Amino acid sequence: MKFPHSFTLKKIASIIGCEYVGKEDFPIYGTNEIHRVKEGEIVFVDHPKYYAKALHSKASVVLINKKVECPENKALLLSDDPFRDFNKINDYFVKFIPQNKLISDDVQIGKNTIIQPGVYIGKNVKIGNDCIIFPNVTIHDYTEIGNNVVIQSGTVLGGDGFYYKNRGSYFERLKSVGNVIIEDNVEIGSNCTIDRGVTASTIIGKGSKLDNLIQIGHDTVIGRKCLIASQVGIAGCCTIHDEVSIWGQAGFASSLTIGEKAIILAQSGVSKNLKAGKTYFGSPAEEAKKKLKELATLKNLAK
Amino acid sequence: MKFPHSFTLKKIASIIGCEYVGKEDFPIYGTNEIHRVKEGEIVFVDHPKYYAKALHSKASVVLINKKVECPENKALLLSDDPFRDFNKINDYFVKFIPQNKLISDDVQIGKNTIIQPGVYIGKNVKIGNDCIIFPNVTIHDYTEIGNNVVIQSGTVLGGDGFYYKNRGSYFERLKSVGNVIIEDNVEIGSNCTIDRGVTASTIIGKGSKLDNLIQIGHDTVIGRKCLIASQVGIAGCCTIHDEVSIWGQAGFASSLTIGEKAIILAQSGVSKNLKAGKTYFGSPAEEAKKKLKELATLKNLAK
Amino acid sequence: MKFPHSFTLKKIASIIGCEYVGKEDFPIYGTNEIHRVKEGEIVFVDHPKYYAKALHSKASVVLINKKVECPENKALLLSDDPFRDFNKINDYFVKFIPQNKLISDDVQIGKNTIIQPGVYIGKNVKIGNDCIIFPNVTIHDYTEIGNNVVIQSGTVLGGDGFYYKNRGSYFERLKSVGNVIIEDNVEIGSNCTIDRGVTASTIIGKGSKLDNLIQIGHDTVIGRKCLIASQVGIAGCCTIHDEVSIWGQAGFASSLTIGEKAIILAQSGVSKNLKAGKTYFGSPAEEAKKKLKELATLKNLAK
């Protein structure tokens, strides 16, 4: 999530009421996810297991619950509860404002784009030229849609991500302040759900085609010219490279990377990174050749 | 389904035109499902296999197609077709009345609750305080929603249950006259479907969090603080105890009981009751440790 | 897709600007899919692997990218790109016309049929008597619904099929110009997606019952009195015969034939034709008895 302009370390520390390590005028430009973070941005970390990853990431500011040594050219925000304070920062900049009409006044819609009846479009949404948005689609705040895009009926773009912290007696939601970006020439089927990023963008790359009833989790990036069949589910923070083909009802755990042109066969359950150009099958998924050999072995044994 | 007040055995028998065994002023308060039935309520049974279960349930009145001995303190309604006559009773008390506006006039909505555009709300719905109902949600008649609940776009609460009797040349639907209850602090993602109870309530317990595209069948009860990932399907009449975690695309057959804090891994297919506190995997699901050992065994054999 | 009246071979050739083999006044009545094509209709074929199948099909006209010998009583349309030219013919006869109101003026709705709020109904839709269309359903152009049909909330009838040609640097969509036919006494649950045929009709046969979140692909035909549980996915061009039962989350690859009264157990992944009257399980699916024996064998080996 980008701030409207840069804010100083001191200002951000004052918003969440915490101490900091670094120059008070250290400039900060936004918040982001660990796998997507860029210079000038904040990540949060609250588990010792991930301290090193966060401190050595591209983040310039680490919101952390331990007084560690500050890496060079970076700054720290010291909090007893980084999760709560990350929410506090995001809340300060992005407010949920209820909307009582189907299409917000500030929507930018390109030429020749058709918006069918029953479509809801939230605030600060941009839609390019030559798109068709079919009936009863929901497009939440800050979604960006390129040119020549088709979104079929009942699909929801930009729902809040499924990301909770277990507080013992209850779950606390990590507020979603990212968005969804649909690039040029993408087509998305009916009744899909593509969640907005928690702080980054969930992206469907140029020319990719999605069938019906597909779930794409928060902050996941789908590359260009991917083909995704019906009822596939991809959890949050995944990176699917270009020209990947995914067949019906396959599922992906969170934070995985799938190499270019990989093929994932129907109903596979993917729990690890997959290599480029190979074909996978099974739950848990492995190389299709191996999996089919295993199935043949078992068939013989049962005889 | 609760009657508006108690009715006598004689009156109910007259509604369906059948004989009865018991005192004519025996009081009846409603109809219910076998796994949820309480004193004063009717269950129906039409297969000898289930006669004993129905006669020894907590039901006070058994609508049955055989002249059996009446258990003490109970009553019988004798019908040649209990399924048809159960529908007849439910039909008598709960009528489907078409509604031509998006939000029924009799809806009770608490303070600070936000209803976004395109939301349909049926008759006799109650929604508590501090809720957000996102665009294009459908909330059917008699649904009860607690405080601080979030329902994301496209989700349908209170659709009719999938429960049919095979009549040989056609299927006959068991009419749905129960409802959906969403307790406090529940959050439900986009494009989920939570069916109303056939006669009881489908319940999502306090503080539970559901991701997108999830199916919850009629009369199923989800406990408190459960976490259910995207594309999970739970059939009707299940009891999921508190703090159960269910990962993506797992499926559950009907009428199962899942013990507290059980963990069901992604894509598991659950066909039996599961114990509390254990982790399960596979289709059909078994203890994850066992299943993983089996998979390793097969991998070795195939080499 | 039926033409409004018959057109000559010469006329169709002029629409796409190609040569032809056959009498110039050879009458053509429409376009169709290879597994559904009838006399007087055009199919297209652009891969040598399928030339023979197309030339020996019931099609009277084959749109083909090779100058082959013309079978007796047939005609050929010779194109360097049959896919593009098939789209061109379909485009010529069926145009997408945007609609700015929820219910098109030309809809035919039978008596006692209830249309609830938030429902979108496209052009040339016919709905029979005694139907209930629940809130927020989307019914696209040319859909035909029989009598006594129930469509629950959020379901989309007639979305465009998922059918693309890989053009190397991009995917090209095969335009959908077929429709959806829902026969008498069918009931469809919430948030299902039933795509229209590419050129034929996607059909749900008389008395079949579908649960929630089900995907039915383009040009698939579901027989009479089938029972399909939640989250099942059936790809395009399948033929499911009468009285088939399919349990939750099962998936079917495209172009399969499933015999009458077959039973497909939950989460099965069907990649081949299945025989009538048998029970199947597993991914890939095989006869349930065999599959269960394999699972038992593996369990023993792992001990």
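Residues numbered from 1 in each chain as written. Chains lettered and ligands numbered in written order. Predicted model: local features only at pLDDT ≥ 70, side-chain atom pairs only at ≥ 80, totals over all residues. Heavy atoms only, no water.

**Here's the deal with the sheet that holds strand β6 (residues 75-78) of chain C**
Residues and elements named next belong to chain C.
- Taken in spatial order, the six strands line up as β1-β3-β4-β5-β6-β2 in an open sheet, and their pairing is mixed. The outermost strands of the open sheet, each flanked by one partner alone, are β1 (2-8) and β2 (19-21). Strand-to-strand twist in this sheet, taken as the mean axis angle between neighbours without regard to direction, amounts to 30°.
- Here β1 runs beside strand β3 (residues 27-31); their pairing, made up of three bridges, is antiparallel. (Pairing = 2+ DSSP bridges. Helix = DSSP H or I, 4+ residues; strand = E, 2+ residues; numbered from the N terminus. Axes fitted to C-alpha atoms, helices over the stretch in contact; angles between N-to-C directions.)

**Regarding the interface of chain A and chain B**
- Residue-level contacts link 48 residues of chain A with 35 residues of chain B.
- In total, chain A and chain B occlude about 3,100 Å² of area from one another, counting both sides; carbon and sulfur atoms represent 58% of this.
- Our count for the chain A to chain B interface comes out at two salt bridges.
- Between K299 of chain B and E286 of chain A there is a salt bridge whose closest N-O contact spans 3.5 Å. (Contact = heavy atoms within 4.5 Å. Buried area = accessible area lost by both parts, 1.4 Å probe. Salt bridge = Lys/Arg side-chain N within 4 Å of Asp/Glu carboxyl O.)

**Re the interface of chain B and chain C**
- Opposite the 48 residues of chain B that make contact, chain C presents 35 residues.
- Together, the buried faces of chain B and chain C total about 3,100 Å²; carbon and sulfur atoms form 58% of this surface.
- At the boundary of chain B and chain C, one finds two salt bridges.
- With a closest N to O distance of 2.6 Å, R173 of chain B and E187 of chain C form a salt bridge.
- Summed over the shared surface of chain B and chain C, the result is 26 residue pairs in polar contact (both at pLDDT 80 or more).
- At the level of secondary structure, the elements contributing two or more residues to the side of chain B that touches chain C comprise β15 (156-159), β16 (164-166), β17 (171-173), β20 (193-195) and α4 (288-302) of chain B.
- For the side of chain B that touches chain C, the leading source of residues is α4 of chain B, giving five residues. (Polar contact = N/O pair within 3.5 Å; in protein donor to acceptor, adjacent residues only side chain to side chain.)

**Concerning the relation of the copies chain B and chain C**
- Rotating chain B by 120° and moving it 0.0 Å along the rotation axis overlays it on chain C with an RMSD of 0.0 Å. Those values place the two copies in the arrangement expected of a three-fold rotation axis.
- Taken as a fraction of all interface residues of chain B, those also at the interface in chain C reach only 19%, which identifies the copy contact as different-surface. (Least-squares fit on C-alpha atoms with pLDDT ≥ 70 in both.)

**What about the relation of the copies chain A and chain B?**
- Of the transformation placing chain A onto chain B, the axial shift is 0.0 Å and the rotation is 120°, giving an RMSD of 0.0 Å.
- Looking at the interface residues of chain A, only 19% of them are also at the interface in chain B, so each copy uses its own face.

**Side note on the sheet that holds strand β7 (residues 108-109) of chain B**
Residue and element names in this part refer to chain B.
- The strand order across the open sheet built from eight strands is β7-β10-β13-β18-β21-β24-β27-β30, with neighbouring strands paired in parallel fashion. Two strands close off the open sheet at either side, each with one partner strand: β7 and β30 (257-258).
- Relative to strand β18 (residues 179-182), strand β13 (residues 144-145) runs parallel, the two being bridged by two bridges. Residue pairing for β18: I145 is matched across the bridge by I182.

**A word on the pattern of salt bridges**
- What the rule picks out here adds up to 45 salt bridges over all chains.
- Note that K175 of chain B is salt-bridged to D91 of chain B, the shortest N-O span being 2.9 Å. With K175 of chain B in the loop between β17 and β18 and D91 of chain B in helix α3 (residues 82-93), this residue pair connects regions lying 84 residues apart in the sequence.
- Three or more residues are tied together by salt bridges with common partners; here these are D80, R84, D85 and K88 of chain A.

**Re the domain arrangement of chain A**
Residue and element names in this part refer to chain A.
- Structurally, chain A comprises domain 1 (2-93) and domain 2 (108-291).
- With 14 residues of domain 1 at the interface, the matching set in domain 2 holds 17 residues.
- Between domain 1 and domain 2 lies a buried interface of about 1,300 Å² when both sides are counted; carbon and sulfur atoms form 52% of it.
- Summed over the three residues of domain 1 that lose the most area to domain 2, namely E33, R36 and F83, the buried surface amounts to 43% of that side.
- For the interface between domain 1 and domain 2, the tally reads three salt bridges.
- Here the side of domain 1 that touches domain 2 is built from residues that sort into three nonpolar, five polar and six charged. (Domains from an automatic or database assignment. Nonpolar A, V, L, I, M, F, W, Y, C, P; charged D, E, K, R; others polar.)

**Some details on the pairing of strand β21 (residues 201-204) of chain B**
Residue and element names in this part refer to chain B.
- Across the two faces of β21 the burial is the same, with S201 and I203 and T202 and I204 all buried.
- Across four bridges, the pairing between β18 and β21 is parallel. Bridging across to β21, I182 finds its partner in I204.
- Two strands pair when backbone bridges link them, and β21 and strand β24 (residues 221-222) are joined in this way by two bridges, in the parallel orientation. Bridge pairing in β24 links I204 to I222. (Buried < 20%, exposed > 50% of the residue type's maximum accessible area, 1.4 Å probe, protein only.)

**Here's the deal with a positive patch on the surface**
- The grouping of K275, K289 and K290 of chain A together with K303 of chain B at the surface amounts to a positive patch.
- With respect to the element layout, K289 of chain A can be found in helix α4 (residues 288-302).
- The class of K289 of chain A is exposed, set by a relative accessible area of 67%. (Patch = residues over 30% accessible without salt bridge, like charges linked within 9 Å, V, L, I, M, F, W, Y side chains within 5 Å. Areas by Shrake-Rupley, 256 points an atom, 1.4 Å probe, with all protein chains shown as cover. Lys, Arg positive; Asp, Glu negative; His and termini not counted. Charge placed at Lys NZ, Arg CZ, Asp CG, Glu CD.)

**Digging into the packing of helix α1 (residues 9-16) of chain B against α3 of chain B**
Residues and elements named next belong to chain B.
- At a minimum axis separation of 9 Å, α1 and α3 run at an interaxial angle of 105°. By the criterion of interaxial angle, the relationship of α1 to α3 is roughly perpendicular. Mapping the contact onto sequence places K11, I12, I15 and I16 in α1 and D85, K88, I89, Y92 and F93 in α3.
- Of the residues belonging to the contact of α1 with α3, the class tally is six nonpolar, no polar and three charged. (Parallel < 35°, antiparallel > 145°, perpendicular 65-115°, else oblique.)

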